[in-house]
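Structural description and commentary
The primary structure of each chain is shown beneath.
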Amino acid sequence: MATNTNSETTGSPQKAVSPFTVAHKNQPLHDSVRQALESYFAQLKGQVPNNLYELVLAEVEVPLLEAVMEYTKGNQSRAAILLGLSRGTLRKKLKIYGMLD
């Protein structure tokens, strides 16, 4: 079985090398995600991935949260509005990914 490079065994978020890479810049996100997943599956060589849904969400959610928090200069209320989340949900996500001060 393939392992999740994030915090599968420790339970705490860690910076890890992404199993997903994108070969071409300036392509639509949809195409980039599809290409990255196809590459990931090819690298598995028949192994079954663990928690793929969570792994993909983290790969997208972390840079999204980082970019929005930078854009709002750390203002969680503004960031929550931009993301369409409640402030509490945003804080929960920031905590999960170790992004709270």
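The structure presented is a predicted model; accordingly, all values stated were derived computationally and were not measured. (Residues numbered from 1 in each chain as written. Predicted model: local features only at pLDDT ≥ 70, side-chain atom pairs only at ≥ 80, totals over all residues. Heavy atoms only, no water.)

Attention now moves to the packing of helix 2 (residues 52-71) against helix 3 (residues 76-83). Running from N to C, helix 2 and helix 3 point in directions that differ by 125 degrees, and their axes come no closer than 9 Å. The angle between helix 2 and helix 3 places the two elements in the oblique class. Considering the relative orientation of helix 2 and helix 3, their crossing is right-handed. On helix 3, the residues touching Leu 64, Leu 65, Val 68, Met 69 and Tyr 71 of helix 2 are Gln 76, Arg 78, Ala 79, Leu 82 and Leu 83. In the contact of helix 2 with helix 3, the residues fall into eight nonpolar, one polar and one charged. (Axes fitted to C-alpha atoms, helices over the stretch in contact; angles between N-to-C directions. Helix = DSSP H or I, 4+ residues; strand = E, 2+ residues; numbered from the N terminus. Parallel < 35°, antiparallel > 145°, perpendicular 65-115°, else oblique. Left-handed = near helix turned anticlockwise from the far one by under 90°. Contact = heavy atoms within 4.5 Å. Nonpolar A, V, L, I, M, F, W, Y, C, P; charged D, E, K, R; others polar.)

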